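Spelled out from the first residue to the last, the chains are:
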Protein chains: 2
Amino acid sequence: MSKGTMRGKRTLKFTAAATLPAGFRAAGIVAGLKKSGRPDMAMFFSERPAAVAGTFTTNQVKAATVRLDAGRVASVGIARGIVVNSGQANACTGKNGLRDAQAMAAHAARQFGVPADHFLVCSTGRIGVPLRMDLILPGIEKLAQAVRPAGGESAARGIMTTDTRPKRFTTTFAVDGRTCRVTGIAKGAGMIQPCMATMLAFLLTDAKVARRAMQKALKAAVDKSFNRITVDADQSTNDTVLMLANGCAGNNALQPGHRDWPAFVAALEGVTFRLAMEMVRDGEGAQKMVAVRVQGARTPADAEAAARSVANSFLVKTSWVGTYPNWGRIMDALGYSPAQVDETKVEMRYGNLLAVKNGLKAGASIEQLSKVAARKEFAITIDLHLGRHAATVYSCDCTEEYVKINK
Amino acid sequence: MSKGTMRGKRTLKFTAAATLPAGFRAAGIVAGLKKSGRPDMAMFFSERPAAVAGTFTTNQVKAATVRLDAGRVASVGIARGIVVNSGQANACTGKNGLRDAQAMAAHAARQFGVPADHFLVCSTGRIGVPLRMDLILPGIEKLAQAVRPAGGESAARGIMTTDTRPKRFTTTFAVDGRTCRVTGIAKGAGMIQPCMATMLAFLLTDAKVARRAMQKALKAAVDKSFNRITVDADQSTNDTVLMLANGCAGNNALQPGHRDWPAFVAALEGVTFRLAMEMVRDGEGAQKMVAVRVQGARTPADAEAAARSVANSFLVKTSWVGTYPNWGRIMDALGYSPAQVDETKVEMRYGNLLAVKNGLKAGASIEQLSKVAARKEFAITIDLHLGRHAATVYSCDCTEEYVKINK
């Protein structure tokens, strides 16, 4: 990370709000797709054509929306808006599913008189059932009427499914002496390893950003945020992160080399990281967030594999429900991970307290460790003492509520 | 599988009983290692030196008992008995742990006046805490007094931890005109992917079996049974399968080429498979057993990976708690597995009912599929239509009770 980035980060203020950047409008509505009667559709619209970037699930089974959006991000490169529905995932729906996704985009575009392929589509919900187009098309008309500059909060609620609260952050930064804004709105809990309810995130900025540079910056930001969290090791068919930059701030196009590029990157990464942490905190049934940091690994892949093995072990995650510092289960999960582990070298800390040294209980008492394990958020740091590579994965406890939600 | 094996299997009768083969004694007792006051120690003893075979956890973090036993199976090759304790796993206990395991074996051997390295040791329980040798050593003395030919059932109960019922099967088969017996006694739920409570299994036979041939036959039997089940994808530090053959039946040594070798293999595989199925049925909190069969995979590794991805997905496993046939979650788990999957080719059946064809809903109605998914035991068969390889993994549902047990 360059010094410029660090400087940028220090000066930025992030607010938990869905304040939209200049030139954007948004809304969330009840289209009747959910029995609960809660908001189930949302829309984002940009007054001007916006450069678009995106990252998508790597699941081999991909929703129709993912196929559509990935194609448009790569080949069209410009977007005016995004329409989102919950209730049905539009995955495992074949050609009809793709036709429905195209029809959703076209119907939204028609409301604004813009080209059909300038609209993107996201769905989340049950796999393998057809979209309720009879409800979605009227919903789109309603959304097109409802979108407004102050509608960010409404949209943030419109995309919620099992989320218990909206997830949104905003920050401003200076480019060419003008104030630009980045706002992120997300739902769900995970990207590489998300809960089935799907992870969706939308990043909007009024800065002008060169499209390819934005795609790279978005990918890097996603790797440091959504790709570092896990709720249940399952990866959805629908995970999508989309970024729109409409240039309404009037700056020269941001790209590496621009003096204010680091400030943009810091704003983007700050927003995505905060959204990701909110996802883990709000993981299905979760009561605690635990950062699992593995250091001293022989290779970067080993660090990653060891951290994920611990962060995804259901025996470790269930142990976090209580306050007993069950480091034995963590040793076990390290041992069966693909990473090279020498148990006689393993060191482990709960917060700053030493729990294990040379693979054996050491340092703090169980009572002291229990106080750390009782916190709503804490870190477990594991040093494998086999090399110099490190990785952190953010996870949560697995409560009976998780089973209740998913059964 | 040879025709001989098939013939052997057809004629064998397996009984859910812990009837010991000739020349074996066993017992289970309360040594005070558990707060619950339930039996917590067991012992198996052979009147004669028995050939020994074993398979052990592949976890890099191994209990002291696993290190000790693996060494003795490889280098000593003969055993007189096995002593088992629960409460403490004797894993992550370093040199002191190894010393304790050796002391347990030596103390047991002393009671019978046999060489110290002719006893094997298994532990299960909490990782990282020292063995309560103050209770275990007197327990060993009590066990040495208690072992008797009719003690199989008592031993089967003595090794239980979170098991709700004892797991034991016995069968007889003819060798050289003599009746031989194989009896298996097990606890826990899994081998390659067991619940933390550890999987232990003991196979006893009065047949005379050539040691190396027995080791190979045991490994093959374990691969077809304990290695095909999963409860929670976690692999314990203590998993152990031990087989003792004491030759009390007076037959010529069994090995490939012996006319009755297929009958022995069928007896062994029949017992281990039934024990493995009992483990899944009794998985922590489990109410249902589901066989996940993947066929039409491009490679054997793909078949295995796809079946495990489905069988280990907590979203799939929680969906089995109810009766809704949530095949979308199965498609999702197939998609993120390392196996090659083309969603447009996937076919899926619940029992015999077609649920998915070409990746799309097809065939039976949700109501019909729900009736299958409501059964205590059912099979899901997935055809990837990409090749000719198949694999089956036996799994169970994940209920709120699983979290309760492990939190």
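On to the overall build of chain A. Summing up its helical and strand segments, chain A has twelve helices and 14 strands in all. Rg of the C-alpha trace for chain A: 22 Å, near the compact-globule value of 22 Å for 407 residues, within the 12% margin. Taking the principal axes of its C-alpha atoms as reference, chain A extends roughly 70 × 50 × 30 Å. Expressed as a percentage of contacts within chain A between residues at least 6 apart in sequence, the contacts between residues at least 24 apart total 79%.

Moving on, we get to the nonpolar core. With 274 residues, the main nonpolar core has M43 of chain A together with M43 of chain B as its most contacted residues. If near-sequence neighbours (up to four positions away) are discounted, M43 of chain B is found in contact with A26, A27, G81, I82, V83, A108, L143, V147 and A155 of chain B.

The next thing to look at is the pairing of strand β3 (residues 78–88) of chain A. Residue and element names in this part refer to chain A. The buried fraction of β3 amounts to ten of the eleven residues, a majority that puts the element mostly inside the structure. Taken together, the seven bridges between strand β2 (residues 41–56) and β3 define a ladder with antiparallel strand orientation. Looking at the pairing, A50 lines up with A79 of β3. As judged from the eight bridges shared by β3 and strand β4 (residues 119–126), these two strands associate in the parallel manner. Note on β4: the bridge partner recorded for G87 is G125. With helix α3 (residues 94–112) bridging β3 and its parallel neighbour β4, the resulting β-α-β unit is right-handed.

This part takes up the environment of V83 of chain A. All names here are of chain A. If you trace the backbone, V83 turns up in strand β3. Here V83 falls in the buried class, since 27 other C-beta atoms lie within 10 Å of it. Ignoring anything within four residues of it in the chain, the contact list for V83 reads M43, M104, A105, A108, F119, V121, I140 and L143.

When chain B is brought onto chain A, the operation consists of a screw motion whose angular component is 180° and whose axial shift is 0.0 Å, with 0.0 Å RMSD remaining. Classification of the inter-copy transformation places it as that of a two-fold axis. It is E400 of chain B whose C-alpha, among those of chain B, lies nearest the rotation axis, at 2.4 Å. Counting the interface residues of chain B, we find that 100% of their copies in chain A are interface residues as well, pointing to one common contact surface.

For the rest of this paragraph, the subject is the sheet that holds strand β14 (residues 389–396) of chain A. Residues and elements named next belong to chain A. With mixed pairing, the six strands of this open sheet are ordered in space as β12-β11-β10-β13-β9-β14. Looking along the sheet, the strands with just one partner apiece sit at the ends: β12 (360–361) and β14. Relative to strand β13 (residues 377–383), strand β10 (residues 347–350) is paired through four bridges, and the arrangement is antiparallel. Note on β13: the bridge partner recorded for R349 is T381. Sitting on the sheet, helix α8 (residues 300–312) is in contact with β9 (289–297) and β14, with an inclination near 20° to β14.

The partner chain A presents 43 residues to the 43 residues of chain B that form the contact. Put simply, the parts of the chain that give the side of chain B that touches chain A at least two residues each are α9 (314–319), α10 (327–336), β12 (360–361) and α12 (400–406) of chain B. Here the element with the most residues in the side of chain B that touches chain A is α10 of chain B; it accounts for nine residues. Here the residues of the side of chain B that touches chain A are counted per class, giving 17 nonpolar, 16 polar and ten charged.

Residues and elements named next belong to chain A. Locating E284 in the fold gives a position in the loop between α7 (261–281) and β9. When the 26 C-beta atoms within 10 Å are taken as the criterion, E284 is described as buried. Through-space distance from the C-alpha of E284 to that of D163 is 7.5 Å; in sequence the pair is 121 residues apart.

Residue and element names in this part refer to chain B. In spatial order, the strands read β12-β11-β10-β13-β9-β14; together these six strands make up an open sheet with mixed pairing. The open sheet terminates on both sides in strands that have one partner only, identified here as β12 and β14 (389–396). As defined by bridge partners, strand β10 (residues 347–350) adjoins strand β11 (residues 353–357) across three bridges and the pair is classed as antiparallel. When the bridges of β11 are listed, Y350 appears paired with L353.

Residue and element names in this part refer to chain A. Here chain A is partitioned into domain 1 (3–281) and domain 2 (289–406). Computed over C-alpha atoms only, the centres of domain 1 and domain 2 are separated by 32 Å. On the side of domain 2, ten residues touch domain 1, which itself brings ten residues to the contact. By residue class, the composition of the side of domain 1 that touches domain 2 is five nonpolar, three polar and two charged.

How two helices sit against one another is set out by the angle between their axes and by the gap between those axes. Residues and elements named next belong to chain A. In contact at an axis separation of 8 Å, α8 and helix α10 (residues 327–336) are set at 135° when each is read in the N-to-C sense. Viewed along their axes, α8 and α10 adopt a mutual orientation that is oblique. For the crossing formed where α8 meets α10, the hand is right-handed. Seen from α8, the contacting residues are A306, S309 and V310; seen from α10, they are I330, A333, L334 and Y336. Within the contact of α8 with α10, the residues separate by chemical class into six nonpolar, one polar and no charged.

Turning our attention to helix α2 (residues 64–75) of chain B. Residue and element names in this part refer to chain B. Relative to the 16 Å expected for twelve residues at 1.5 Å per residue, α2 spans 17 Å between its end C-alpha atoms, a close match to the ideal helical length. Turning to α2, its buried residues are A64, T65, V66, L68, D69, R72 and V73. Once α2 ends, the next one or two residues include G77, with phi positive near 75°.

To continue, consider the environment of V356 of chain B. Residues and elements named next belong to chain B. Relative to the elements of secondary structure, V356 occurs in strand β11. Along the backbone, V356 and K62 are 294 residues apart, and their C-alpha atoms lie at a distance of 42 Å. Filtering out sequence-adjacent residues up to four positions away, V356 remains in contact with W327, V346, E347, M348, K361 and A362.

All names here are of chain A. On average, residues of chain A carry a pLDDT of 90, and 94% of them reach 70 or more. Averaged pLDDT values over the elements of chain A bottom out at 47 in helix α1 (residues 3–11) and peak at 98 in helix α4 (residues 133–146). In this model residues 1–9 is a low-confidence stretch, pLDDT under 50, and it forms twelve contacts with partners more than four residues away in sequence or in other chains. Across the predicted assembly, pTM comes out at 0.82 and ipTM at 0.77.

With phi around 50°, H385 of chain A is a residue other than glycine that occupies positive phi space. If you trace the backbone, H385 of chain A turns up in the loop between β13 and β14. For H385 of chain A, a count of 15 C-beta atoms within 10 Å puts it in the partly exposed group. For N90 of chain B, which is not a glycine, the phi torsion comes out positive at approximately 55°. Mapped onto the fold, N90 of chain B is located in the loop between β3 (78–88) and α3 (94–112).

Another point: the packing of α3 of chain B against helix α4 (residues 133–146) of chain B. Residue and element names in this part refer to chain B. As a packed pair, α3 and α4 sit with axes 9 Å apart at the nearest point and diverge in direction by 25°. The orientation of α3 relative to α4 falls into the category roughly parallel. The handedness of the crossing between α3 and α4 is right-handed. On α4, the residues touching D100, A103, M104, H107, A108, Q111 and F112 of α3 are M133, I136, L137, I140, E141 and A144. Residues belonging to the contact of α3 with α4 are distributed by class as follows: nine nonpolar, two polar and two charged.

Here is what the cut-offs are and how they apply
- The residue numbering used here restarts from 1 in each chain and proceeds along that chain's sequence as written.
- Working convention: letters from A go to chains and numbers from 1 go to ligands, in the order in which they are written.
- Only residues with pLDDT of at least 70 get local features here, since the model is predicted, and only at 80 or more are side-chain atom pairs given and counted; chain-wide, interface and lining totals rely on the full set of residues.
- Helical segments are the DSSP runs of H or I of at least four residues, strand segments are the runs of E of at least two, and each set is numbered from the N terminus.
- Values of the radius of gyration come from C-alpha atoms, whereas the globule rule sets the reference at 2.2 Å times the count of residues to the power 0.38.
- A pair of residues counts as a contact when their C-beta atoms, built from backbone coordinates, are within 7 Å of each other.
- Here, a nonpolar core denotes buried Ala, Val, Leu, Ile, Met, Phe, Trp, Tyr and Cys residues that are linked to one another through C-beta atoms within 7 Å.
- Around each residue's C-beta, the other C-beta atoms within 10 Å are counted; 20 or more make the residue buried, 12 or fewer make it exposed, and counts in between make it partly exposed. All C-beta atoms are placed from the backbone.
- The criterion for strand pairing is that DSSP finds at least two bridges linking the strands in question.
- Look down the strands so they point away from you; if the path from the first strand over the helix to the second goes clockwise, the crossover is right-handed.
- For the least-squares superposition of copies, only C-alpha atoms count, and only for residues with pLDDT at least 70 in both.
- Every angle, taken between N-to-C directions, lies between 0 and 180 degrees, and every axis is a line fitted to C-alpha atoms, over only the stretch in contact when it is a helix.
- Classes in brief: Ala, Val, Leu, Ile, Met, Phe, Trp, Tyr, Cys and Pro nonpolar; Asp, Glu, Lys and Arg charged; the others, Gly included, polar.
- In this entry, domain limits derive from an automatic or database-based domain assignment.
- With respect to orientation, any angle under 35 degrees is reported as roughly parallel, any angle over 145 as roughly antiparallel, any angle of 65 to 115 as roughly perpendicular, and every other angle as oblique.
- Working rule for handedness: look at the near helix, and if it is turned counterclockwise from the far one by less than a right angle, call the crossing left-handed; if clockwise, right-handed.
- For a helix, the expected span equals 1.5 Å multiplied by the residue count minus one.
- Scored from 0 to 100, pLDDT records how confident the predictor is in each individual residue.

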